[in-house]
4 protein chains.
Amino acid sequence: MKALVYGGPGLKSWTDAPDPVILNPTDAIVQVDTTTICGTDLHILKGDVPAVQVGRILGHEGVGTITEVGASVTNFAVGDRVIISCIKSCGHCTNCAVSLYSHCLGDEGQSGIGWIFGHLIDGTQAEYVRVPYADNSLHKLPEGVPDAEAVMLSDILPTGFEIGVQYGQVKPGDVVAVIGAGPVGLSAIATAGLYGAATVIAIDLDENRLQQAREFGGTETVLSGAADWKQQVLALTDGAGVDVAIEAVGIPITFSMATEIVRPGGHVANVGVHGKPVELHLEELWIQNINVSMGLVNTNTTPMLLKLVAQKKIPAEKLATHHFTFNQMLDAYETFGRAAETKALKVVVTRS
Amino acid sequence: MKALVYGGPGLKSWTDAPDPVILNPTDAIVQVDTTTICGTDLHILKGDVPAVQVGRILGHEGVGTITEVGASVTNFAVGDRVIISCIKSCGHCTNCAVSLYSHCLGDEGQSGIGWIFGHLIDGTQAEYVRVPYADNSLHKLPEGVPDAEAVMLSDILPTGFEIGVQYGQVKPGDVVAVIGAGPVGLSAIATAGLYGAATVIAIDLDENRLQQAREFGGTETVLSGAADWKQQVLALTDGAGVDVAIEAVGIPITFSMATEIVRPGGHVANVGVHGKPVELHLEELWIQNINVSMGLVNTNTTPMLLKLVAQKKIPAEKLATHHFTFNQMLDAYETFGRAAETKALKVVVTRS
Amino acid sequence: MKALVYGGPGLKSWTDAPDPVILNPTDAIVQVDTTTICGTDLHILKGDVPAVQVGRILGHEGVGTITEVGASVTNFAVGDRVIISCIKSCGHCTNCAVSLYSHCLGDEGQSGIGWIFGHLIDGTQAEYVRVPYADNSLHKLPEGVPDAEAVMLSDILPTGFEIGVQYGQVKPGDVVAVIGAGPVGLSAIATAGLYGAATVIAIDLDENRLQQAREFGGTETVLSGAADWKQQVLALTDGAGVDVAIEAVGIPITFSMATEIVRPGGHVANVGVHGKPVELHLEELWIQNINVSMGLVNTNTTPMLLKLVAQKKIPAEKLATHHFTFNQMLDAYETFGRAAETKALKVVVTRS
Amino acid sequence: MKALVYGGPGLKSWTDAPDPVILNPTDAIVQVDTTTICGTDLHILKGDVPAVQVGRILGHEGVGTITEVGASVTNFAVGDRVIISCIKSCGHCTNCAVSLYSHCLGDEGQSGIGWIFGHLIDGTQAEYVRVPYADNSLHKLPEGVPDAEAVMLSDILPTGFEIGVQYGQVKPGDVVAVIGAGPVGLSAIATAGLYGAATVIAIDLDENRLQQAREFGGTETVLSGAADWKQQVLALTDGAGVDVAIEAVGIPITFSMATEIVRPGGHVANVGVHGKPVELHLEELWIQNINVSMGLVNTNTTPMLLKLVAQKKIPAEKLATHHFTFNQMLDAYETFGRAAETKALKVVVTRS
């Protein structure tokens, strides 16, 4: 089959790779119909994720059709159309028992991490992929949900919702600020209303992204380049700060911004993937009764979000800004890699 | 009356001061029978808390007898024996409405902070003190609870319980580590069992404090000076880390220690009062699904803790290591200031 | 002044009554600009609420203007436009301390009930009313919210939201059934989305009310007179039942309906005011892991709901179906009493 | 092998039965070393549970040694000593996904019930038993926990804790009443302290059981035959009622007692298995803001409780009052069936 294979820092190719086979009775083989590219894939290609070995097939998002199931798979059958979750979960380790699928221990190497596709095992940017713990890691795709929407449920929508909105403990009437209006920030914006956020402030350096934020449910926008950005945000609250500040960029300055605008008793939900330490101003914050959360998505809300996407209550389709076929995989990477210029949110790559 | 008056950095005296009077109908005047000294008082005396003006009477902990009540006080009457909470709360501002008394807005200056005694208004290290919002800021002292135990309910016990145990979301069966076995750390240790902690690890540099920790309910102890301190802690878990790490010191190194020993999905509860920023290793922690809490006590659990102290279920008496009278106030400060040598936890200072 | 005075079972008059005066320093006097009638008022007039004495002024909902405040009222001043909450709360009793304002102990008679207007003290269907604990029992009315919308925040909207939606623990993606599409049921329907309900099924005997339910956010409707009503409801779920069943009628049959359609692990939230015991089929339900809640509104969500009404996110105006002036108070009662014919939801009665 | 076989109402025998075999790759075969008898087994023998077919091997509690595992079992191996949970859970159905294992859908017949041993499939009162979904339904038994303690973790301890203490939302400082001091009531009493209950009142008709209750952690006892039983209970509270009332009998009168002694804002947790409807006095309770929970155990707390039993923090050994060997199985039933006379709590039946 063809697949996007990592060749070491800076190197990738759409090339031949062996077809995957069932290794364990809980596995399924899925023909990938649609996949997409994540910012994490770009990090891997820079060499920032040393656990990824040369020769690894990348990708952890996908929609496809089951072609084979292991002996103990009971929920799925050949021919089923499925969403592949970016997180595998065995369903019975101590972490899965408390729905902490992000730290599932149950895989072959006892990695302690639920994200293994395109990381510790071959991923979804390929014609076929082996899915471990298929009963827990796949979701049946109902009729009427297009692949381009469904693929947003592999990672981006649950990440914005779980790590942003749920970990941020958004509650009815809240003022929520989302710093960074990229795909994951927009996913948080699009789902903040599920807990009744009254005001959703999008904060970004890019005016274009702020416009997009409004289409996803942002009620207010603030340009973070403005000298008075903080005053603008506070003016949208009762003066004491936002109830929830969601960091969706992953650099020190945006994390600091989140801690500066949150009210006493409020929440900072870090969603960004960071590469450096940040300075936490405990000398000011210790007395503020704030809470700082962070984490990798568990994907336990995927079935619920799928239902809402099917009901057209979450605008998943707006995340899919560019479309390619498998044999244009390198073009897709190129477009996604220059998102600031191409205005790409998510690039959708389909079998044909 | 006599009172402990702040004279600027490094200066304090037990001297004459005007008797307090009722300023608002919600005030009460309390004759202080017993008070104590907090680490915060030492910080103030170093000049670290610039909001404290010269001439301020210090102290935010106390037990006493009501001598006068304002016109709208309905819960208390002259002669009532009371615990003075270190936090005043108006009971109706937006923060009080959500039990965030630590950030009560309702005082005269709209300070936005519940802690005003010995800070923004005169405090409890005096023969008499004015208590604003008496209906919400005092607690009736039942017969049979000695002053020396009751005074631990002004601040130290609720702080350890609320900011350590509750914010840390301790749950039945948990492994809890408490870094720093001073009064507030011991308060967390003594109350971790209220949510069923199975293992409580005390971590401190001082072997003497670790011995004390065992008397407060610590089940394990680790000397933090040991080269393998971290391995010792992890060996007391399933290898993945503690469920809850409570920081009760207030310096960068102990905060870092907490983030190093917490398991994926676990909680870091900062109780320490910090004077400097800390480095938060988001480049490693973003994926760990941990939660970092911090804050000033709300004291909404004081009535519950008082009940348990009255039932002898919390060893409050063990916190009272040294006893003085009001005219020995400066000696009390001296003993508390050299706690490492004197082995003082809390010094109890009584009227006579 | 003029007021609606209870004259014993079946008897009421719009007649002269003494002007209220400040009795306690926490009181305010409010000139009532707009009031409305509740089903409870009809119950009182039937003689079903024996605690109501002859001569009592009825009514517990209202919007008005403050004309006088007691000495310890700090949040409000003469001239402020306010919503009068149907629940008074002292803010410092043991029940208020845990936001259980519905059972506030702090009034004169230690009634243990937060609802006293038009019940234990004179109410709001009058030109003026005395409001105890004004700081906690009034809410400032922002510019731009008409009285006819604001008055729905005295009781009906918080009741539907708190006792229906919150006690029912509605969560994102849920299928929620509301049995009874009267004012309180419609309030639950209108606010179920604040916790992300995906499907809201209105169930009623009256086709007209089901039509109204759709305007308040109901996504599905089922006529409860239909022989297959239950099958219709289950067909809107995955077959196992609804996540949350909200009872908003108050008779045994509708309570039973709620327990029949709820899924294992689901919630029955009783909002209806019942006059008779109900049969709870524990011989079938004990194994179903359901939860049954009930209660009087606490009104602690009123400020949040007010914000959403001001933002036009809750269609409060649609509850106001009929309008009267004070001198038409008896007509207002007559119209509301024949709601099935007049199609009245709430009748709004204004000063002029 | 030998097994206790149901022969229809009133009929049972310890007789030959076919050895179980692996049917699915997720199965394990366990040699039963220790089992016990539950009140439910007696109900089945009376014919009260029609789903149980003639020929069924009874029993849903047991401790044993694995003799064979299916191809996809990864957590367990032959020779492992295990506790058999009374609830099987597939780990991936919609109910298991939210830890509602009690309603696991994933078994062969899609029964929608987690309890199938000795009910829908052959049970544990036998020399060997087939365990479906072994990875999720077994728990490794650590060294040092005797079988007679471990077998209490199959059902009785998690039932008392989850359905009594957790569903009852016990919190630190609470006054908890447990009506019925049989094995399940004693399990609730023994675990109420895990959430910091300050006062635990055992209520029973039998003075002997009340004595036992004190050994399990009951702090107060009330004879339910006393004319003033209710006054006695209320006198142990602040007068308003208990915070949590746990019903552990299963008849209408004890359920009513629970609703009579609970305070406004409190919780009634029904643990009893009921055979008849109960009357719920909604005409009085609708305004009381109470919550009524009920359900079958999920057993998701079994690992945590096992840890506490291993630490000797739960007195599991005191539940084991009588001991038998497999060939005395009928004697064991006889002793357990006359518990009032024999004072049996749980009878422990071992292989030899």
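Caption draft 1: How the structure looks around the interface of chain A and chain B. Contact residues are listed per partner, giving 37 residues for chain A and 37 residues for chain B. Looking only at chain A, the three residues that lose the most surface to chain B are Trp 286, Asn 289 and Met 294 of chain A, adding up to 24% of its buried area. Viewed at the interface, chain B and chain A are joined by 18 residue pairs in polar contact (both at pLDDT 80 or more). Listed by contribution, the elements that provide at least two residues to the side of chain A that touches chain B are strand 12 (262-270), strand 13 (278-280), helix 9 (282-285) and strand 14 (291-294) of chain A. Taken together, the residues of the side of chain A that touches chain B sort by class into 18 nonpolar, 15 polar and four charged. Bridging between strand 13 of chain A and strand 13 (residues 278-280) of chain B involves three bridges; their strand directions are antiparallel. The residue bridging Leu 280 of chain A from the neighbouring strand is Val 278 of chain B, located in strand 13 of chain B.

Caption draft 2: A look at the sheet that holds strand 10 (residues 220-223) of chain C. Read across the open sheet, the twelve strands follow the order 10(C)-9(C)-8(C)-11(C)-12(C)-14(C)-14(D)-12(D)-11(D)-8(D)-9(D)-10(D); overall the sheet is mixed. Edge positions in the sheet fall to strand 10 of chain C together with strand 10 (220-223) of chain D, since each of these pairs with one other strand and no more. Within the sheet, the average angular offset between the axes of one strand and its neighbour, ignoring direction, is 15°. The sheet strands contacting helix 7 (residues 207-215) of chain C are strand 9 (199-204) and strand 10 of chain C, and the helix crosses strand 10 of chain C at an angle near 170°.

Caption draft 3: Fine view of the relation of the copies chain C and chain A. Turning chain C through 180° and shifting it by 0.0 Å along the axis lays it on chain A, with an RMSD of 0.0 Å. The relationship between the two copies is best expressed as a two-fold rotation axis. If distances are taken from each C-alpha of chain C to the rotation axis, the shortest is found for Tyr 195 of chain C, at 2.3 Å. Comparing interface residues between copies, 100% of those in chain C also lie at the interface in chain A; the contact surface is shared.

Caption draft 4: Examining the pairing of strand 14 of chain A more closely. Because side chains alternate across strand 14 of chain A, one face comprises the buried residues Asn 291 and Ser 293 of chain A, and the other comprises Val 292 and Met 294 of chain A, equally buried. Taken together, the four bridges between strand 12 of chain A and strand 14 of chain A define a ladder with parallel strand orientation. Counted as the bridge partner of Val 268 of chain A is Val 292 of chain A from strand 14 of chain A. Both strand 14 of chain A and strand 14 (residues 291-294) of chain B contribute to a ladder of three bridges, which runs antiparallel.

Caption draft 5: How the structure looks around the relation of the copies chain A and chain B. For the pair chain A and chain B, the relating rotation is 180°, the translation along its axis is 0.0 Å, and the fit reaches an RMSD of 0.0 Å. Both copies contact each other with a shared surface, as 100% of the interface residues of chain A are interface residues in chain B too.

Caption draft 6: Structural detail: the environment of Gly 168 of chain D. Relative to the assigned elements, Gly 168 of chain D resides in the loop between helix 4 (156-166) and strand 8 (175-179). Here the alpha-carbon distance between Gly 168 of chain D and Ile 287 of chain D, two residues 119 residues apart in the chain, equals 19 Å.

Caption draft 7: Examining a nonpolar patch on the surface more closely. Nonpolar side chains collect at one region of the surface, where Val 249, Ile 251 and Ile 253 of chain A lie side by side and expose about 240 Å² of accessible area between them. Counting through the fold element by element, Ile 251 of chain A comes out in the loop between strand 11 (242-247) and helix 8 (252-261).

Caption draft 8: Representation of the packing of aromatic side chains in the model. Residue and element names in this part refer to chain A. Taken as a whole and judged by the stated rule, the model has eight aromatic pairs over all chains. Ring geometry for Trp 14 and Phe 326: centres 5.6 Å apart, planes at 65°, overall edge-to-face. Of this pair, Trp 14 sits in strand 2 (residues 12-16) while Phe 326 sits in the loop between strand 15 (320-325) and helix 11 (329-337); the two residues are 312 residues apart in sequence, bridging distant segments of the chain. Residue classification places Phe 326 among the buried residues on the basis of a relative accessible area of 3%. Seen from their ring centres, Phe 161 and Tyr 195 are 5.8 Å apart, and the 5° between their planes marks the pair as stacked. Linking Phe 161 in helix 4 (residues 156-166) with Tyr 195 in the loop between helix 5 (183-191) and strand 9 (199-204), this pair joins segments that are 34 residues apart in sequence. Among the residues examined, Phe 161 registers a relative accessible area of 0% and is labelled buried.

Caption draft 9: Inspection of the pairing of strand 9 (residues 199-204) of chain D at higher detail. Residue and element names in this part refer to chain D. In terms of burial, strand 9 is a largely internal element, six of the six residues being buried. The alternating pattern of strand 9 places Thr 199, Ile 201 and Ile 203 on one face and Val 200, Ala 202 and Asp 204 on the opposite face, and all of these are buried. Inspection of the sheet shows strand 8 paired to strand 9 by five bridges, in the parallel sense. Its bridge partner being in strand 9, Ala 177 is matched across the sheet by Ile 201. In the classification by handedness, the crossover that spans strand 8, the intervening helix 5 (residues 183-191) and the parallel strand 9 is right-handed. Both strand 9 and strand 10 contribute to a ladder of four bridges, which runs parallel.

Caption draft 10: Quick peek at the domain arrangement of chain A. Residue and element names in this part refer to chain A. What the domain assignment lists for chain A is domain 1 (2-155 + 299-350) and domain 2 (159-294). On the domain 2 side, the residues contacting the 17 residues of domain 1 number 15 residues. The junction of domain 1 with domain 2 conceals about 1400 Å² of combined surface from both sides, 60% of it contributed by carbon and sulfur atoms. Three residues, Lys 318, Leu 319 and Leu 345, lead the burial of domain 1 against domain 2; their summed loss comes to 32% of the area buried on that side. Inspection of the domain 1/domain 2 interface yields zero salt bridges. Run the count over domain 1 and domain 2 and you get five residue pairs in polar contact (both at pLDDT 80 or more). Per-element tally for the side of domain 1 that touches domain 2: the top contributor is helix 10 (residues 302-310), with four residues. Each residue belonging to the side of domain 1 that touches domain 2 can be placed in one class, and the counts come to nine nonpolar, four polar and four charged.

Caption draft 11: Geometry of the packing of helix 5 (residues 156-166) of chain C against helix 6 (residues 183-191) of chain C. All names here are of chain C. Contact geometry for helix 5 and helix 6: axes closest at 8 Å, N-to-C directions at 65°. By the angle between their axes, helix 5 is roughly perpendicular relative to helix 6. As for how helix 5 packs across helix 6, the hand of that crossing is right-handed. Counting all contacts with helix 5, which are made through Ile 156, Leu 157, Thr 159, Gly 160, Phe 161 and Val 165, the residues of helix 6 involved are Pro 183, Val 184, Ser 187, Ala 188 and Thr 191. Looking at the contact of helix 5 with helix 6 residue by residue, the class counts come to seven nonpolar, four polar and no charged.

Caption draft 12: Representation of unusual backbone geometry within the structure. Even without a glycine there, the phi angle at Lys 343 of chain C is positive, about 60°. On the basis of relative accessibility, which here comes to 43%, the residue Lys 343 of chain C falls in the partly exposed class. With a phi angle near 65°, Lys 312 of chain D is a residue other than glycine that sits in the positive phi range. One can find Lys 312 of chain D in the loop between helix 10 (302-310) and strand 15 (320-325).

Cut-offs applied
- Residues numbered from 1 in each chain as written.
- Chains lettered and ligands numbered in written order.
- Predicted model: local features only at pLDDT ≥ 70, side-chain atom pairs only at ≥ 80, totals over all residues.
- Heavy atoms only, no water.
- Contact = heavy atoms within 4.5 Å.
- Buried area = accessible area lost by both parts, 1.4 Å probe.
- Polar contact = N/O pair within 3.5 Å; in protein donor to acceptor, adjacent residues only side chain to side chain.
- Helix = DSSP H or I, 4+ residues; strand = E, 2+ residues; numbered from the N terminus.
- Nonpolar A, V, L, I, M, F, W, Y, C, P; charged D, E, K, R; others polar.
- Pairing = 2+ DSSP bridges.
- Axes fitted to C-alpha atoms, helices over the stretch in contact; angles between N-to-C directions.
- Least-squares fit on C-alpha atoms with pLDDT ≥ 70 in both.
- Buried < 20%, exposed > 50% of the residue type's maximum accessible area, 1.4 Å probe, protein only.
- Patch = residues over 30% accessible without salt bridge, like charges linked within 9 Å, V, L, I, M, F, W, Y side chains within 5 Å.
- Areas by Shrake-Rupley, 256 points an atom, 1.4 Å probe, with all protein chains shown as cover.
- Salt bridge = Lys/Arg side-chain N within 4 Å of Asp/Glu carboxyl O.
- Phe/Tyr/Trp six-rings, centres within 6.5 Å; stacked < 30°, edge-to-face > 60°.
- Right-handed = clockwise from strand over helix to strand, strands pointing away.
- Domains from an automatic or database assignment.
- Parallel < 35°, antiparallel > 145°, perpendicular 65-115°, else oblique.
- Left-handed = near helix turned anticlockwise from the far one by under 90°.

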